[in-house]
Amino acid sequence: MAQDPYQVLGVSRSASADEIRKAYRKLAKQFHPDHNPGDKKAEDRFKQISAAFDILGDEEKKGKFDRGEIDADGNEQAAFRRGPYGGAAGGGGYRPRGSQQGGFDDIGDIFSEFFGRGAGGPRRPQPQRGQDIRYRLTVDFLEAAKGAAKRVTLQDGRTVDVTIPEGLRDGQTLRLRGRGGQGVAGGPSGDVLVEVTVRSHPVYQLNGDDLTLDLPITLKEAVNGAKVAVPTLTGPLTIKLPPNTSSGVSFRLRGKGLKNPKTGEYGDLYAKTRIMLPEKPDTDLKSFVESWPGGGEDPRAKLRSDTA
């Protein structure tokens, strides 16, 4: 039997839906198989975390668990299984006629379970919606930024196609309507809920809808000015560096950030210059700097005056 889902996620029974979600995301990232390759214990722990969130992350299942109607595995408890006469297995079923609690009205109630109230004949099962299926998907930063199509295999062996919309953010959930569990007695099918984790990128940093990156430039380009290419999500763009450009100067490329899924507008891209010296010592550069008559200005003078 599975462990208590509240203990697995480390939350109290009075925790809000947001607190449960935050606890799950923190643990899921910590024990995700992508972050712990070959670690069987981490994999088992991730499965426990996912199973716990499958109960507590679903409002209906959480309510049933809190009331004791289902166990930590999501199985219906024996005391709440329907008895042969429509009542719970533990009581509330058929009462013999003539008992102190029984009578004609009780018999009528029993018959109403088997026959329609207006006419004879078996009562048809009530339509019930199918269960939702949860799936966790990890995508690369560029897939989320540009949009992508992914094919995933669910726990029941079915494959479904997931469209990653342009500008998707880490932690968002995609709903595939009608692709979940099959409904009962003509009821609608449930949904597939895909929670997406977005990997970080080695170059781009995300700040709201804006992107920032460090733009390496040479000393010669910084002194003389130059045209340099800046990588963007839609391809390289050339910007013009003015002469005497220092490190840390940001150049704004409008509309080259991430798409906002709600407004449809794009953020900006900020390229921040970094003057890079040669990796190997350059004797000519060293000789020039040593013989250079300039350079007398102290670049840290303002820093000292502002902090004095």
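Draft legend 1. Representation of the confidence of the model for the chain in the model. Residues at a pLDDT of 70 or more form 83% of the chain, whose mean pLDDT is 84. Ranking the helices and strands of the chain by mean pLDDT puts strand β10 (residues 250-253) first, with 98, and helix α5 (residues 104-114) last, with 44.

Draft legend 2. The arrangement of the packing of aromatic side chains in detail. Following the criterion strictly, the structure yields four aromatic pairs and no others. A ring pair is formed by Tyr6 and Phe65, whose centres lie 6.2 Å apart and whose planes are at 40 degrees; its orientation type is tilted. Here Tyr6, found in helix α1 (residues 5-9), pairs with Phe65, found in helix α4 (residues 59-66); they are 59 residues apart in sequence, far enough to count as distant. Here Tyr6 and Phe65 have matching classes, each one buried. Pairing Phe141 with Tyr204 gives two aromatic rings, centres 6.3 Å apart and planes at 25 degrees, and the pair type is stacked. Placement of the pair is Phe141 in helix α6 (residues 141-146) and Tyr204 in the loop between β5 (192-198) and β6 (205-207), with a sequence separation of 63 residues. The exposure class of Phe141 is buried, given its relative accessible area of 9%.

Draft legend 3. Geometry of the nonpolar core. By size, the foremost hydrophobic cluster in this structure holds 35 residues, and its most contacted members are Val162, Val194, Leu215, Val230 and Ile239. In this view, Leu215 contacts Val228, Ala229, Val230, Ile239, Ala271, Lys272, Thr273 and Arg274; residues no more than four positions away in its chain are not counted. Counting residues in hydrophobic clusters, the runner-up holds 21 residues, among them Val11, Ile20, Ala28 and Phe31.

Draft legend 4. Structural view of the pattern of salt bridges. As enumerated under the stated definition, the model contains 23 salt bridges in all. Measuring nitrogen to oxygen at the nearest pair gives 3.1 Å for the salt bridge that ties Asp191 to Arg129. Within this pair, whereas Asp191 is found in the loop between β4 (173-176) and β5, its partner Arg129 is found in the loop between α5 and β1 (133-139), the two being separated by 62 residues in sequence. The closest approach of N and O atoms between Asp268 and Arg252, which form a salt bridge, is 2.7 Å. With Asp268 in the loop between β10 and β11 (269-276) and Arg252 in strand β10, this residue pair connects regions lying 16 residues apart in the sequence. Each of Arg129, Asp132, Arg175, Arg177 and Asp191 takes part in a single network of salt bridges with overlapping partners.

Draft legend 5. Quick peek at the sheet that holds β1. Taken in spatial order, the three strands make up an open sheet running β1-β5-β4, and their pairing is mixed. Both edges of this open sheet fall to β1 and β4, since each of them pairs with a single strand only. Across the sheet, the mean angle separating the axes of adjacent strands is 25 degrees when strand polarity is ignored. As defined by bridge partners, β1 adjoins β5 across seven bridges and the pair is classed as parallel. When the bridges of β5 are listed, Thr138 appears paired with Thr197. Of the strands in this sheet, β1, β4 and β5 touch helix α2 (residues 17-31), which is tilted by about 60 degrees from β5.

Conventions and cut-offs
- Residues numbered from 1 in each chain as written.
- Predicted model: local features only at pLDDT ≥ 70, side-chain atom pairs only at ≥ 80, totals over all residues.
- Heavy atoms only, no water.
- pLDDT = per-residue confidence, 0-100.
- Helix = DSSP H or I, 4+ residues; strand = E, 2+ residues; numbered from the N terminus.
- Phe/Tyr/Trp six-rings, centres within 6.5 Å; stacked < 30°, edge-to-face > 60°.
- Buried < 20%, exposed > 50% of the residue type's maximum accessible area, 1.4 Å probe, protein only.
- Core = buried A, V, L, I, M, F, W, Y, C linked by side-chain atoms within 4.5 Å.
- Contact = heavy atoms within 4.5 Å.
- Salt bridge = Lys/Arg side-chain N within 4 Å of Asp/Glu carboxyl O.
- Pairing = 2+ DSSP bridges.
- Axes fitted to C-alpha atoms, helices over the stretch in contact; angles between N-to-C directions.

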